[in-house]
Each structure stands twice: as C-alpha cells, then as structure tokens.
Amino acid sequence: MSLRKGANVWVEDKDLAWVPAEVTDVGNDRVQVVTSSGKKIIASPKKLLPRDPDADHGGVDDMTKLTYLHEPGVLYNLERRYALDNIYTYTGSILIAVNPFKKLPHIYNAYMMDQYKGVPLGELSPHVFAVADASYRAMISDQRSQSILVSGESGAGKTETTKLIMQYLTYVGGRAAGDGRTVEQQVLESNPLLEAFGNARTVRNDNSSRFGKFVEIQFDKNGRISGAAIRTYLLERSRVVQITDPERNYHCFYQLCASREDAEKYKLGHPREFHYLNQSKIYELEGVSNAEEYARTRRAMSIVGITQDEQDAIFRTLAAVLHLGNVEFSPGKEHDSSTITDQKSRFHIGMAADLFMCDVGLLLSSLCKRSIQTREGVIVKALDCNAAVASRDTLAKTVYARLFDWLVEKINRSVGQDPHSQVQIGLLDIYGFECFKLNSFEQFCINFANEKLQQHFNEHVFKMEQEEYQREAINWSYIEFIDNQDVLDLIEKKPIGIIALLDEACMFPRSTHETFSTKLFQNFQSHPRLEKAKFSCADFTVSHYAGKVTYQTDTFLDKNRDYIVMEHCNLMSSSKCSFIAGLFPSMPEESSRSSYKFSSVAARFKQQLQALMETLNSTEPHYVRCVKPNSLNRPQIFENQSILHQLRCGGVLEAVRISLAGYPTRRTYTEFIDRFGLLAPDIVNTSYDEKIVTEKILRKLKLENFQLGKTKVFLRAGQIGVLDSQRAEVLDTSAKRVQNRFKTYIARRDFLLTHAAASSLQAYCRGCLARKIYSAKREAAAASLIQKHVRRWLSRSAYLQLRIAAVFIQASIRGFLTRGKFLLGKEHRAATRIQAEWRMHKLQSAFRQDQMSIIAIQSIWRRKVAKRELQRLKKEANEAGALRTAKSKLEKQLEDLKVRLQLEKRLRISNEEAKLEEVVKLRSIVGALTVELDAAKSQTAHECNKTAMLQSQLESSMKEKVCLQKELLRMEDLRRENLILKGSLDDLEKKNASLQAVIDKAQKDSDYLIKQLNDFESKYEQLQQSLKSLEEKKSNLEDENLVLRQKAFSMSTKITSPKSNRSGSVRQISNNYSGADLLPFIEPRVLFETPISTRHTTQSQALSESRLSKLTTERHQENSEFLSRCIKENLGFQDGKPLAACIIYKCLLHWRAFESERTAIFDHIIEEINGVLKVGDEKELLPYWLTNVSTLLCLLQRNLRSNGFINSASNRLTFSNGLSGRGSLVLKATRLNAGLEDITSLIEARYPAILFKQQLTTCVEKFFGHIRDNLKKELAPLLGSCIQGKISRGAKSSRSPNGGTQHVPSNQWDSMIKFLDSLMKQLRGNHVPSFFIRKLITQVFSFINISLFNSLLLRRECCNFSNGEYMKSGLADLEKWIVNATEEYAGTAWHELNYIRQAVGFLVIHQKRKKALEEIMQDLCPALTVRQIYRISTMYWDDKYGTQSVSNEVVAQMREMLNDGQNLTSNSFLLDDDLSIPFSTEDISKAIPAIDPMDIEIPAFLLEHPAAEFLGRHAK
C-alpha cells in the first residue's frame, strides 16, 4: 500500500484492537501517524491498513460493500451499526447478529414479519426474519431441505435467535386455525422446558445452553408445518454434581426450591442447604423470579403433553437428586469401607429412597459396595469414602441424563413427526467456540464440533464466491483457502487420534491422565497443530482455527468414561414409581453380568456429530453468527478485542480472508464511475457504455488483474487503495487550486473593504463638524421658543383653574334643587303604582277562584257521567256485535279524558305559577316601600338635626331679627312637613300589614290547590287501573273475535270474497286513520305469521286453518321471488335514488313486515344480497350495494320506532311532591304531547325489524371494509413501484456525453393517479354517498402514508436525496388530485400524508448538519417521533450532492432520548394500519340526506310479477 501524508489508515492498538489514524510523516521503513485521540505512533507500513474517509455514518448493511474489506473495516462497521441499534449485518448471505442486551420489540412484531414475507434477501435491512424467509422460500421453490446454523459464544443470543426463527417459520408456515394444539405451538413451548433442564448460568451468560440442539421442522407439500423433531448433543452431565463460583447448576433445581407447595412436599429448602447447589454463592438471577419460572415450566410441560402425574414424578426425581447430593460418607469399621456419616445424612438418604420409591438399604448398599461377577461366583467389594462419593455422583448424573433424554423423547412424541414430509428446515442451536483459563473435556468436545462446522462453513463461503464469479461471467482460477482437515484428523482419525487414544486409556483401569498425555505426545510429537503446555506435563495445546486452546487433562478420563453401574440400574428399575423404573429399562443378561459397562462419551458424541454433518450436507445451509458485544451484559458497550475474537471463532474473518484471496472489492459500474470518474473526466464524457468507461479508466491507471463482470467490476486486494490514493491526489490538486482562487478573492475583498472604510471615515468626520455648527444654531432657536410656550402655559393654567371652581359651585347648587323635586315626584308615582297593583291582584284572585270552582264541578260531573257510561257498557259487554263500538268509544273517551286531565293540570299549574309571580311581585313592592320608608325616616332625622342647628343659630343671633323671623317661618314649614311624613309613614305601615294578610291568604290558596292536585292524581291512578282492566277485556274480546273470524272462514264456501271485503275494509280504515291510530284496527299477522291456535278448535276449523296457512305460504313465496329478482337484477338509479333499496322498502312497508312478530323475509333479503356478491364481481357490485344497503338502512332509521316507545315515555311522567317538580313535569309532558304527532307517524317495529336494521348496519360496515381492503391490495404493488421507481430507473440510467444522467421517465405516480380517478368515477357512478367516499378516500390515503413511510424506513436505498425529490413530485401530484376532488369527497386526505410529507421534506432539505434537534422536531418533522427521526437521520445518504446527514451532536442527543425511553410512547419506528370502521350508525343517518322512496318509477319488467301489483296501482 502506497502511503502519503494525510492518508487515512488503521493502526493496531492493545486495548481497542484497531484505532483510526492519519499519516503525518512518511519515511523509508517507518511511518508516523496520529490517532483520533491525538496520540503519535511510529509504525511499520506493513502493519497499517487503509481506511475509507468517506465511510457511511451509519455503516453499510452488507460488509461486502465495504471499500476495504479487512478486520478493522468489519469491526468499525459493526460498531457504527450497533451504536444505532442496527444489530443485524450481512456478510454476503451470512447474517451477523450482535446481542443488544435490551428489548427491541418493535423489530420483532407481526408487522415486521409481514414486511419480510416473500422479500428477496438483501432487499430490506438485515434481519433474522430475512434469513428465515430465504430458507423457507428456497425450500418451497427448490423442494430441497434447508438448514439454519446459529452459532456464537455463550451469551451471544443464539437461543433467542433460534426462537425468533421458529416464530417466523410459524408465521409463514403455521398450521391453519382449528386444528387443535398446533405443532409450532408445541415446538415453541418446548423451549422454556428445555431451557429449564438444559440451561445454566455460566461466567459469560445467565442462560447458557449446556447442550446442542438441532430442531427439524417438517413441512407438507403445501408449505405448512406438519411435524417436528428435536435432537440434543452432549449434555454437560458433570454440572449436576460439580459447579464453580460464580456459575449455577441447571435452572430446574432452583425453580423447584422456589416452589412453595412442592418444596414443602419434598422437604426442600433454600438452595444453600444442598451440596449440589451451594458450591456457588449465586442462587438468584437478576430480573428473574424462580417461582414464576417454575410456573412457566409447569405450563410448558402441560402444553407439550406431559400429564400431571408425570410432572410430579419429574420433580420428585429432581428432589431425590438434591437429597442424594447431601449424603456424606465416613470410613467404616472394615478396611477400605465406608458408611453414612451422621443423622443428617441418614435423613437425606431416607428422603432420596422415599422419593425414588426404593428400599433405603439397597440404595445405601449400591452406593457403598460393588459386586464383581467371577467364574467362582459373585464377589462383593466395599468402597472407600472417595469411591462412595464417586458412586453417589455417578448415580445423580445418570438419573439426570436419562431424565433429560426422556423429556426430549416425550417432546418429540408429543409434537409428532410427519413420515410423509419431503422437505424440512433444520435449526442448529449449538455452543460456540470456547476458550477459558481452565479448559476441560467439555470444551474439547465443543471445539471439536465447531471445527467440523467451520469446515462446512468454509466450503459454503468458497462455494458462494464461485457462484458470484460464475454469475458475473468473469475469468477466475482456483482460490486456495486454509482447510482445517488436519485438526479434524488430529482429533478424530483412527487409530491414533486424540479421541481414539482417550478411549484406549479409559478402557484400562490403571490408566491416568498422565499416561494418556505421554502417549499423546509420543504419537504426535511433530504435529504442527499439537503442542505441549509450558507449565504442565499432562496438559496439551491444540491450534484451532480460532486460536490456540490449552486443555487440562486431569478430568478427561473420568468425564469420558460413561460407566453403567448395574447396581444402580437394578435399584432404579425396581422402583415402585413407574416413571423412574421406565428411565432404567432392564438390561440384557450378557450385559447384566458385569458390574461396570464402559461407554465412551467422546465416541458417542463423534457419532452424533457425524450424523449431524450428514444431515447438514444434505441441506442448503444458511448461517447466523451471534456476537456478544461485551462481558458485562450491558447495552451500548462495544468491546473490540472480544468481538474480534468472536468473529475469528465464528469464521467471519475466515470468510473475509477467503474473499480477500479472490476479488474482495466489487462495485457496480455506476458506483465505480461516480467515485473514480474524476480520475479520467475526458473518458467519462465521451462514451455512454459504463462498462467501457470503467475499463478505460482502469487501463489508463495501468491496473492489472481486474475483472469486468456483467454488472460489476472486480478488483484485487489493494487495488482499491491505489485508486483511492490517486483519487485523493486529484482531489488535493483540485483543493489547492480552489484554495488559490479563494485566497485571491479574500485579499481583494479585504482591500476593497479597507478602501471603503477610509472613504466612510472621512465622510463621517466632515459630517461631525457640520452637525456641531447646526446643533448650536438649533439650540438658540429652541430656547426662545420654549420660553414663549412656558409663559403662555402659566397664564392659561391660572385662568382654567378659576373657571373650573366657578362651574363646580353652580353645578352643586342646581343639583341640590333638582334632587329635591325628583324625590317628591318619585314618591307620588310609587303610591299610584301600589294602588293599581293591589286592585289588579284582587280582581285576578276572585276570577281564578271562580274558574277553579267551575272546573272542579265539571270534573265531578264528568266523572259521574263516566261512571254511568261504564255501568251501561258493562251491561252491554255480553253482546259480541256491540263490543267493537264500545271499545272504540271507550278509547276515544279515554283519550279525551287524558287530554282534559292534562289541560286541567296545565291550567292549575299555570295558575299556581301566576300566583307565585304575583306574590314575588308584591314582596318586591313591599321591599321597595320599606326601603322608601327607611329613606323617609332618615330624612326626618336629618330634618330634626337641621332644626336643632337652626335653634342654636336663633339663640346666637338675637340681633339679626329679620333673619330670625325667616328662620322661624322655615321651622314651622319643616314641622308641617314632619307631620305629613309621620302620617304617610303610618299609612305605609297599614298597607304593609294588609299586603302581609294578602300573602298569607295566597299561601293558603296555594296549599288548597296542591291538595286538589293530589286528589286528581289519585283519580288519575284509578283511571289508569280501569284502563288496564279495559285492555284486558279488549284482549279477551280479540281472542273471541279471532274465534268468530275462524268460524266465519270455515262456514264460507268462497275465500276470495271475504278476503276482498276484508282488504277493502282495511283500505277504508287506512284512509281514515294513520300511524299509531291505525294499529288497533289492523291485524298485522296476515302474511308473515303462522295463525295462532285457539282452545276451541274443531275439525272444520283445522281444515280452514290449513287452507289459510297454504295461501299464506304461497303468498310469502311469491314475495320472496319478487325480492330475489329485485336483488339479482341491477336496477340502477333514478334521480340519484337507488331503485332496489326503494322498491324493497315499499314492499316491506306494504306487506307490513316491520310490524310482524315472526318473519323470515328479512333473512331472505340478507342472504340474497350476500349470494349476489359471492357469485358476481365484487369490484363492480360492492359500491352498488353499499349505496342500496345504506339507503335502506337510513329509510328504516327515519321511519321505524321500536316497540313500546310511547308507553316507556308515558311511564316517565310520574308526579313528584314538590311544587317545582310539578312545574318541570308539566313542561316535559307538554313537550311530549307536542311531539306525539311525529312519534305516531312512525311505524312501530317489532323484534325482526330491529334485528334487520342491525343486519343492515353490519352489511354496510362489511361492504365498506371489503372495498377498503380490495383497494389496499390493488394499491400495494403501485406503492411498491412508487417507492422503488427511482431506484429501478437509477440502475438503468445512461450517461450523456456531457456527464449528466438521462433517466427514462416513469409513470408509477401517473398510474396511481389514474387508479384514484377510476376509483372516484366508479364510486360516483354508483351514487355512493359523499360521506362514504370521504371516509374511504381518507383511509386510502392513510394507507398510502403508512406504506410509503414504512418502506422508506425499512429500505436504506430509498432513504436518499434523489428518491426524496422523486417522492416529493409524486406527493405534489396527489395534492393536485385532492384539490380537484374537492373537500366534499376528499375530506382531510391531505392531512393523512403528514408522516411521509415530513419525512420526504427532511430528505430533500439542504444543510442538515446545521439543523438543531429542536428545529427538526418542531419545524421540519413535528409529527414524527424521536425514534423515527433517528432512523431517517442514520439511514440517509445523499446520492446526488454527497452531503452529510445531521450532525453527530444531534445523533447523540437522540440516542440519549431513546436510551432514557421514559417520554417515548412507543418503541417502534413503524406506523400501524388502522383497520377500524370510521363511522357509526348515527353518523350514517346524519350524513346521508333524506330521500322519498314513493315517487320513483318502477321498471316495466318488474310490474309483470304478481307480487308487484300494488306498485303499479301506486304509480297510477
């Protein structure tokens, strides 16, 4: 790599792995660089790697797009994306998932799954759903099984990733509803069960899987999940009996101890009390409740089909294992023997025996003794303490391992496998490469499995590279890559592999780990992958693909030996618990002869692994590499060294190395010319073919070994650095030229500014001198003027003061005289008014009293007459012919009585209100007179004071005789006035007393009226009771009338004549009466009800009833056929009125179907409408029937009333005890009577009619929803082309000779406008009410807003400047369409596009880096949330001008707000679609104008039907 000063490079660092730096000095063998922290470093050029200064702020979603594909480039890209919560990144088809250590529910909901459904891999942002969808689509299209390999170290999120993949596969391939407990549900619910028994806390992860799991999800030919199977590998059995701090044992033990009832039942306590659990001091996990997890485990067991008895047996077994671990041994009496230590151990072994349901003596014997089968017989050997402890632990491990295997087998049986399934998707969730300070046998097996998987991974990556080269049709030769077959041979090759030597050592009882290590080093002394540990003779080091790992062999032999102790098996198989006995089936005789049966764990694991690799080789693999960002399990912490190690362990860097061996840099021709076209502008401007231009540029720069594919140029490693170096030189030269021009401009500008400043300074000085002279002259003139005005102001002020004093004195005197005259006139008018009011009150009281007496007499007389009439009617009630006349007369008289009673109540209450008003007026007059009296008294006292003053003046001025005489005369006048005032005061007091008497009398009259009103209430109640009795008699008479009518039918020979007579009488009655008055005279149950059976039924009556029922059925069938024809025929519209709805309404009204108690005609109408829609074209029929059904619904709402409305209204007219209550009651009754005419004009609807109205409401909502959903389906592809139109045209763009780009015009937005025009034309052609059109257009534009906005946030290629301009022009077209559609039909559709309009406005605005966050949130994007603005800001890239997005400070502020998360309403940056119906039944009735269905012309072909005769008569 050629370096120059100012070049951007990566330099190695001990703590951060790689840090960005800039070259400051270049020597021969050394280069000085300055890191981003300011540190200066001297480094070798070979240890520096180039860095792209134009790297995207948010990183790239596919690391094959990186300009420099190397370790620091990959690491930096992952770090930038992780900081933006973009946890997924592609490396080709490999997905890298970085554990966020926080919940991101918005990227895993059903909406996101729907977004990735059917989308090709790489088209949307990287996601685990994309990998799952790619595997599912490949399985469906190629009919080949797939596999998804999820790997990573403990805590990287493998298990969660596997759950998400299964969740997505359930979403796209789940079984149809109604099939009972689904396979996918059981598979998903098996995860918490396997986690409880197979996961534990390790140093790196709180929920680490301590076993490998391969889930096979089987699919049928339709792509539906039909079965599943789970395979497990290498359960860490040693963890049951031995753990290290701060790890934990398996979760199920702690869950069982936290359960209250079961813990007490099995004599369990805190985990610190058990040896198998207290070896570590960690008993609880942060944020996890063991009790809740226990309940969750129980629930999972029930879901996968484990019975309650089996669950109890499982936890009984776990409790027995815990008690067994607390058994301690001490040396026995005999040599090398052992026995139970103390009473506590005896209690625990007793509990273990009880829980195992076996004999405690046999259990103790199996732990402390061994029987050896020889030719002479059985020899019993005692075991020492260490051997007894080992035997105890062996039993515990064996029981737990078999329990785990039983759970897996039970899950497989419960889920069920599909033997007919041809394809499947396998999910491999297996432990990643492990390297700890102390590595034992488990790490050796885990790393062996990872070596196998890495070999498979390398072959897959190499295959992808070859496919890429073949797809682009370039010339390529075989690429060598490092194969790890030598490591695999070292481990598994027979007969001298590590596993073979380990099995051989385990078969000899006296072999130790030291002898095993010695033999290992002897056989592999010169192997390059095997080394001897420095500080131990028995440990060895293997050079794996991810690094060197040193293994401690002290426990290798013990962990590899899987002895089957026959005493243990026999003891457990003899258990009285069928579950435990089933875990230990009986052994063959040849096996039972030996006390120990050896089985190699490594050999068995090797076989399982080989079967797994065969399965993977038969499938198409997909890879997900999970990465743990830090060891603290905290969000937003990125540890570079740890992640680099994981990338090496996961094979990601190996894939990068394979890519580097070929052509690591790949650019499309458009991207290459846009970046490096400036190196040869003469070539770019002379050709249209981008491939030819690219080749000429490379030839001009003298580069070799590049390849030109069909759409991309392929460069060797390092060539992109040469191109960037030359590009930087060209840019430097251009920058220097720009700087020269700019410095010239600055110097000239400074000179001109200095010249202008000097001229301005001279002008300013001259101006100052002139202004001083002018100020002096101006001050002299101003002083003279001020003096003149001051003198004038002083003179005028003195004059005005004198004038104001004189005017005030005159006004005071005149006011005093005028007030005296006014008081005299006021007293005179008050006395006159009091007299007039009193006379008027007296006359009105007399008139009202006489009127009330007359009304009372009339009421008593009418009551007497009514009683006589009632008695007369009772006598005449036996005659059947006179009953109808009596009934009608009684109803009319009852109505008259009700009206008169209401009138009397109104008159009495109005009289009471008038009296109350008079009393209030009199009281106000008395109050006024009292005030005037008080004023007169105060005036008299004032006059007395004046008299005293005059007397004192008379005594003091005896000399002034004339004045004294005048004063004496005045005193006499005042005395006279005083006497007059005293007399008027006495008169006022008398009047006050008389008024008080009048008030008392009025109060008595009011009490009398209230008493009379109570009497009338009691009389009204009696009348109501008599009315009820009359109604009962009326019902009896109607029953008898029905009997008589049926007898008349049976006696008549012709049915038509009485029927015509009856119809004529009904027509005559309908002409005389209307509304509610007609209801008692008409029998509404003629056409649609079954005739009512009576008690007096004879044989002739039964025959007549059958004939009547037959006629009714025929008539009903004719009516149904007519309605069916009206519905099936498209009758169209007449003056904007839907003919079908109007004709159906007129028919139902004529047939009196609304008043029928039982009828099937309404259900028939609904079924016919639904049948027409099923058979015909919904697109054409839905708007037509939306108009008809909504019109019919409005007609019913406006012309029907529910049954019992008047009764319910009249029942509310109850009387209260207070006077104010009676007044409000009378007002309510008055309003009700005033509206009775409107109520009675409505048709009283029975239950079927009300139900029909509800069905119509449901139909309107359903038709509206179908139209909306159909529009969304048709709009979806148009919206997809709109959001991708700019991208697709950009790929096909051609360059003009002047360097510009010529785009082929696109008509995607025109297609959408045409679609909206056709929609509007269709809706208005079917006369759909503007209310529905407005709601429909609003929801359609809301869908457009949601779809475009979500696509913009999900597709990074759409979030650029050019696409923003393209979408802005399309939105302008939509705005123009809305304006042309007018507000009547479009409504608030433009406001529904707020989100996409603001997002597009943000894309096309310039100088984003200068915008503050507050300005963006309040001015540019007020409707968008912080998460949405953050998403757009980080995904934005300017493909036209190369500008940057918002500043780093703004991004940091938004990240802080997102991390706080307190004020955020939602975690999702996507919008949800609103599927609700945006209107109610009341809205429809208010919005749709009323129509008259009676003035329509019936089509001629309908009048030919017999059931439509009445329509013809109405038309005439």
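This write-up is about the structure you can find in this document. For clarity, every value in this text was computed on a predicted model and none was experimentally measured.

Time to look at the pairing of strand β19 (residues 540-544). Across the five residues of β19, five count as buried, placing the element largely inside the fold. One ladder, built from three bridges, connects strand β18 (residues 530-532) with β19; its direction is antiparallel. Bridge pairing links Lys-532 to Phe-540 in β19. Here β19 folds back onto strand β20 (residues 547-551), and the loop between the two strands holds two residues.

Our focus in this paragraph is the nonpolar core. Judged by nonpolar contacts, the single largest core of 257 residues is most densely connected at Phe-197 and Trp-1185. Ranked by the residues each element gives to this core, the list is headed by helix α40 (residues 1330-1354), at 15 residues. In contact with Phe-197, not counting residues within four places along its chain, are Tyr-250, Cys-252, Thr-297, Met-301, Ile-314, Leu-318, Tyr-400, Leu-403, Phe-404 and Leu-407. Core analysis: the next-biggest nonpolar cluster, separate from the first, contains 49 residues, Tyr-233, Phe-433, Ala-449 and Val-549 among them.

Spatially, β4-β3-β2-β1-β5 is the arrangement adopted by the five strands of the open sheet, whose pairing is antiparallel. Each edge of the open sheet carries a strand with a single partner, namely β4 (40-43) and β5 (49-50). Taken together, the four bridges between strand β3 (residues 31-35) and β4 define a ladder with antiparallel strand orientation. Paired with Gln-32 across the two strands is Ile-42, which belongs to β4. In the packing of helix α1 (residues 71-83) onto the sheet, the strands contacted are β1 (8-13), β2 (17-26) and β5, and the crossing angle to β2 comes to about 120 degrees. Sheet strands touched by helix α22 (residues 640-649): β1 and β2. Its angle to β2, the strand with the most contacts, is close to 105 degrees.

With that settled, consider the pattern of salt bridges. On inspection of all chains with the given rule, the structure shows 29 salt bridges. Between Arg-298 and Asp-262 there is a salt bridge; the shortest N-O distance is 2.7 Å. Of the two residues, Arg-298 is situated in helix α8 (residues 290-303) and Asp-262 in helix α7 (residues 260-265); the sequence distance between them amounts to 36 residues. Both residues of the pair, Arg-298 and Asp-262, belong to the buried class.

It is at 11 Å that the axes of helix α12 (residues 385-415) and helix α18 (residues 566-573) come closest, and there the two elements cross at 55 degrees. For the element pair α12 / α18, the angle class is oblique. Crossing handedness for the pair α12 and α18: right-handed. Across the interface between the two elements, Ser-391, Leu-395, Val-399 and Arg-402 of α12 pack against His-568, Cys-569 and Met-572 of α18. Class assignment for the residues of the contact of α12 with α18 results in four nonpolar, two polar and one charged.

Cut-offs used in this document
Residues numbered from 1 in each chain as written. Predicted model: local features only at pLDDT ≥ 70, side-chain atom pairs only at ≥ 80, totals over all residues. Heavy atoms only, no water. Buried < 20%, exposed > 50% of the residue type's maximum accessible area, 1.4 Å probe, protein only. Helix = DSSP H or I, 4+ residues; strand = E, 2+ residues; numbered from the N terminus. Pairing = 2+ DSSP bridges. Core = buried A, V, L, I, M, F, W, Y, C linked by side-chain atoms within 4.5 Å. Contact = heavy atoms within 4.5 Å. Axes fitted to C-alpha atoms, helices over the stretch in contact; angles between N-to-C directions. Salt bridge = Lys/Arg side-chain N within 4 Å of Asp/Glu carboxyl O. Parallel < 35°, antiparallel > 145°, perpendicular 65-115°, else oblique. Left-handed = near helix turned anticlockwise from the far one by under 90°. Nonpolar A, V, L, I, M, F, W, Y, C, P; charged D, E, K, R; others polar.

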